[in-house]
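Structure at a glance
Here is how the chains run, residue by residue.
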Amino acid sequence: MLLHFTKMHGLGNDFMVVDLVTQRARLRDEQIRQLADRRFGIGFDQLLVVEPPRDPEMDFRYRIFNADGSEVENCGNGARCFARFVRDQRLTHKHEIHVETAGGPLVLNVQHDGMVRVDMGRPRFNPATLPFEAPGDQPLHAVDVDGDTLELGVVSMGNPHAVLQVESVDSAPVEHLGPLLESHPRFPKRVNVGFMQVVSPSEIRLRVYERGSGETLACGTGACAAVASGIRQGLLKSPVNVHLPGGQLSIEWPDPESSLVMVGPATRVFDGRVTLN
Ligand SMILES: N[C@H](CCC[C@H](N)C(=O)O)C(=O)O
């Protein structure tokens, strides 16, 4: 079966985007892993699947699969690429797009300057929402890893995030601590791991070791989680510029009762076709 796809990225976090509104296909976990391979397949951090909505009030349903084939609840950079894709493919002419995800509804706005503004909903800190095993809800949790005790912020953006403050992202032990925290037993569904350097109350540098994909050049939900945790700890003040290896995102979270809003780019790289076995 021949499947048409579009390769896109949000600040270097790259995606294979598939329209299952006008095409029909079922992608098995093993096929996703093969397609994700950067040598034997197409290569991507996440696969984004566009489907008709199940809720008639919504415009689309959007499903997200990591490179290891695991389906996840949310993808911030992917949401911006999704919004550009459905307009470029003429699946909608709307500028404000309402979309269902496994992590809850999102509202996407494609701006005239080409940037995409995403209402990411409210960050949740209750450990049970990740899930994370902890006695209660607090700004920082002590977690024992590899003989050390780390102080982690935990945030759900629909998907689970742990945030570790570091002196410098350049020297942060991402390759060592990322995998250890990603699969730490206190995170029963694993976790995305953010390494946050606070530059000023309105500026951070961030690297993210993503659940199911490893370190990526950018992570939208990771940027949202880091800013939310930093604001909750009194280290940051909205709006915050987040500098990731792949580029910059602007995150606004004016008060705890408001949605968190992310603004950033979405880039189309090429269209392709692949034969599914
Ligand atoms: N790259 C995505 C995050 C994917 C999250 C996925 N790695 C997970 O397991 O939750 C973003 O821009 O938000």
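For clarity, every value in this text was computed on a predicted model and none was experimentally measured.

This structure, assessed with the given rule, holds five aromatic pairs. Both rings, one in Phe132 and one in Phe187, keep their centres 4.6 Å apart while their planes meet at 25°; by these two values the pair is stacked. Of this pair, Phe132 sits in the loop between strand S8 (116–119) and strand S9 (141–145) while Phe187 sits in the loop between helix H3 (174–182) and strand S12 (192–200); the two residues are 55 residues apart in sequence, bridging distant segments of the chain. With respect to burial, Phe132 and Phe187 carry one shared label: buried.

Glancing now at the UniProt feature "active site" (unreviewed entry) in the protein chain. On the UniProt side, "active site" (unreviewed entry) is annotated at positions that read Cys75 and Cys219 here. These annotated residues cover 145 residues of sequence, but their C-alpha atoms sit close together, with the largest distance between any two at 7.8 Å. Within the element layout of this structure, Cys75 appears in the loop between strand S5 (71–72) and helix H2 (76–88). If sequence neighbours within four positions are ignored, Cys219 has contacts with Asn13, Asn77, His161, Val208, Glu210 and Leu244.

Let us now look at the nonpolar core. Where a protein is soluble and globular, its nonpolar side chains tend to be buried together. Counting residues in each nonpolar core, the largest one holds 51 residues, and the members touching the most others are Tyr62, Phe82, Leu108, Val242 and Ile251. In this view, Tyr62 contacts Leu48, Val49, Cys75, Gly78, Ala79, Phe82, Val99, Glu100, Thr101 and Leu106; residues no more than four positions away in its chain are not counted. In terms of nonpolar packing, the next biggest core, distinct from the first, is built from 20 residues, Leu164, Val174, Leu181 and Val191 among them.

The rules we used
- Position numbers for residues start from 1 in each chain and track the written sequence from start to end.
- Whole-chain, interface and lining totals are the exception, using all residues; otherwise, since this is a predicted model, local features are given only for residues with pLDDT of at least 70 and side-chain atom pairs are given and counted only at 80 or more.
- In computing side-chain values, all of the structure's heavy atoms are included and hydrogens and water are not.
- Within 6.5 Å between ring centres, the rings of Phe, Tyr and Trp (the latter by its six-membered ring) count as paired, and their orientation is classed by plane angle as stacked under 30 degrees, edge-to-face over 60, tilted in between.
- Secondary structure counts use DSSP, requiring at least four H or I residues in a row for a helix and at least two E residues in a row for a strand, with both numbered from the N terminus.
- Each residue gets one of three labels from its accessible area relative to the maximum for its type: buried under 20%, exposed over 50%, partly exposed in between, using a 1.4 Å probe on protein chains only.
- UniProt positions are given in the numbering used here, feature names are shortened, and annotations may be inferred rather than shown by experiment.
- Residue contacts are defined here by distance: any two heavy atoms, one from each residue, within 4.5 Å place the two residues in contact.
- We define the nonpolar core as a collection of buried residues of types Ala, Val, Leu, Ile, Met, Phe, Trp, Tyr and Cys that are connected through side-chain atoms lying within 4.5 Å of one another.

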